[in-house]
Amino acid sequence: NAGVTQTPKFQVLKTGQSMTLQCAQDMNHEYMSWYRQDPGMGLRLIHYSVGAGITDQGEVPNGYNVSRSTTEDFPLRLLSAAPSQTSVYFCASSYSWTVQNEQFFGPGTRLTVL
Amino acid sequence: QQQVKQSPQSLIVQKGGISIINCAYENTAFDYFPWYQQFPGKGPALLIAIRPDVSEKKEGRFTISFNKSAKQFSLHIMDSQPGDSATYFCAASEVDGGATNKLIFGTGTLLAVQP
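Engineer: Tell me about the side chain of Ser19(B), and please be specific about residues and values.
Structural biologist: Residues and elements named next belong to chain B. Relative to the assigned elements, Ser19 resides in strand 3 (residues 19–25). Residue Ser19 is classed as buried on the basis of its relative accessible area, which comes to 1%. A distance of 2.8 Å separates a polar atom in the side chain of Ser19 from a polar atom in the side chain of Ser80. Every residue in contact with Ser19, bar those within four places of it in the chain, is listed here: Leu11, Val13, Leu75, His76, Ile77, Ser80 and Leu111.

What follows is the structure, encoded as structure tokens:
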């Protein structure tokens, strides 16, 4: 099992550009989520999904879109990048959304918006 | 508003010493408290977790102490080793009728264990 994979590892954007951060898991997990990690602020939930076709907002959803067309993939789209979106982004998954259980994190994508 | 407050921000411990990281929360509906460990350039990984029906959980050198009345929980690392040097995050979640895996994280503690 590859676990949770994320691409790209690094990305530099200019203000106003759009891009998609890719996330995939091969563990047949129901629950997937996106977090951003900023110095001194821990990890904050952006969006999450409890299954294919179902997504919902987390703490900091503004400026981001998600979709979940398959169990395996959960891409995060930045519609019009802003410097405030400079961060490290982590995708995570867990086998169930109805029971609190371990979340497995990907290696992260470091995004810089100029 | 930080729902889970973590301290200290950074910690330096000598090899063989005890590392203690503290967290406090306000939401009494929280009922699951995991700790995650993160090495540089990696994603966080679950270290140990506790539910409020017990006051302590131990796994090897790592122990969570939980005080429900004070709404506090802490991570103790016994016999700290240089390999324990990492950032540690406490977190909390509740069963809210929807997705139960919406973790609220603390701000993290950077632990350095000196040889």
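Engineer: Describe the sheet that holds strand 7 (residues 64–66) of chain A, and please don't skip the residues or the numbers.
Structural biologist: All names here are of chain A. Reading across the sheet, the four strands line up as 1-3-8-7 and stay open at both edges, with antiparallel pairing between neighbours. Each of the sheet's edge strands pairs with one partner strand only, and the pair in question is strand 1 (4–7) and strand 7. When strand polarity is set aside, the average angle formed by the axes of neighbouring strands in this sheet is 20 degrees. Sheet analysis places strand 3 (residues 19–25) next to strand 8 (residues 76–78), joined by three bridges and oriented antiparallel. Its bridge partner being in strand 8, Leu21 is matched across the sheet by Leu76.

Engineer: Break down the sheet that holds strand 6 (residues 56–59) of chain B for me, citing the residues and quoting the values.
Structural biologist: All names here are of chain B. With antiparallel pairing, the five strands of this open sheet are ordered in space as 1-3-8-7-6. If you trace the sheet from one side to the other, it starts and ends with strand 1 (4–7) and strand 6, each paired once. Taking each pair of neighbouring strands and ignoring which way they run, the sheet shows an average axis angle of 15 degrees.

Engineer: Before we move on, can you summarise the nonpolar core with the specific residues and values?
Structural biologist: In terms of nonpolar packing, the biggest core is built from 25 residues, with Phe33(B), Trp35(B), Phe73(B), Leu75(B) and Tyr88(B) touching the most fellow members. Secondary structure elements with two or more residues in this core: strand 2 (10–14), strand 3, strand 4 (33–38), strand 5 (45–50), strand 7 (62–67), strand 8 (72–77), strand 9 (86–92) and strand 11 (109–114) of chain B. The greatest single-element share of this core, amounting to four residues, is contributed by strand 9 of chain B. Listed in part, the 18 residues of the second largest apolar core include Val4(A), Leu13(A), Leu76(A) and Tyr89(A).

Engineer: Describe the interface of chain B and chain A, with residues and values.
Structural biologist: Contacts between chain B and chain A engage 24 residues on the former and 24 residues on the latter. Joining chain B to chain A, the criterion identifies zero salt bridges. Applying the counting rule to chain B against chain A returns two residue pairs in polar contact (both at pLDDT 80 or more). Elements with a contribution of two residues or more to the side of chain B that touches chain A: strand 4 and strand 10 (104–105) of chain B.

Engineer: Describe the state of the cysteines, naming the residues involved and giving the relevant values.
Structural biologist: Tallied over the entire structure, the rule returns two disulfides over all chains. Each sulfur of the disulfide joining Cys23(A) and Cys91(A) lies 1.8 Å from the other. Residues Cys23(A) and Cys91(A) share a disulfide whose torsion about the S-S bond is about -70 degrees; that sign makes it left-handed. Here Cys91(A) lies in strand 9 (residues 87–94) and Cys23(A) lies in strand 3, a separation of 68 residues in the sequence. By relative accessible area, Cys91(A) is classed as buried at 0%. Covalent S-S linkage joins Cys23(B) and Cys90(B), the inter-sulfur distance amounting to 1.9 Å. Disulfide Cys23(B) to Cys90(B): torsion about the S-S bond roughly -95 degrees, handedness left-handed. Pair noted here: Cys23(B) is in strand 3 and Cys90(B) is in strand 9, with a separation of 67 residues, a long-range link. This pair shows no difference in class: Cys23(B) is buried, exactly as Cys90(B) is.

Engineer: Provide a residue-level description of the pattern of salt bridges, including the pertinent values.
Structural biologist: Within the structure shown, the criterion is met by five salt bridges over all chains. As a salt-bridge pair, Asp38(A) and Arg36(A) come within 2.8 Å of each other at their nearest N and O atoms. The exposure classification of Asp38(A) matches that of Arg36(A), with both residues buried. Across the salt bridge formed by Lys71(B) and Glu26(B), the nearest N and O atoms sit 3.8 Å from each other. Of this pair, Lys71(B) sits in the loop between strand 7 and strand 8 while Glu26(B) sits in the loop between strand 3 and strand 4, placing them 45 residues apart in sequence. Look at Lys71(B) and you get partly exposed, because its relative accessible area is 22%.

Rules and cut-offs
- Residues numbered from 1 in each chain as written.
- Chains lettered and ligands numbered in written order.
- Predicted model: local features only at pLDDT ≥ 70, side-chain atom pairs only at ≥ 80, totals over all residues.
- Heavy atoms only, no water.
- Helix = DSSP H or I, 4+ residues; strand = E, 2+ residues; numbered from the N terminus.
- Buried < 20%, exposed > 50% of the residue type's maximum accessible area, 1.4 Å probe, protein only.
- Polar contact = N/O pair within 3.5 Å; in protein donor to acceptor, adjacent residues only side chain to side chain.
- Contact = heavy atoms within 4.5 Å.
- Pairing = 2+ DSSP bridges.
- Axes fitted to C-alpha atoms, helices over the stretch in contact; angles between N-to-C directions.
- Core = buried A, V, L, I, M, F, W, Y, C linked by side-chain atoms within 4.5 Å.
- Salt bridge = Lys/Arg side-chain N within 4 Å of Asp/Glu carboxyl O.
- Disulfide = S-S within 2.5 Å.

Remember that the coordinates give geometry; whether it matters functionally is a separate question.
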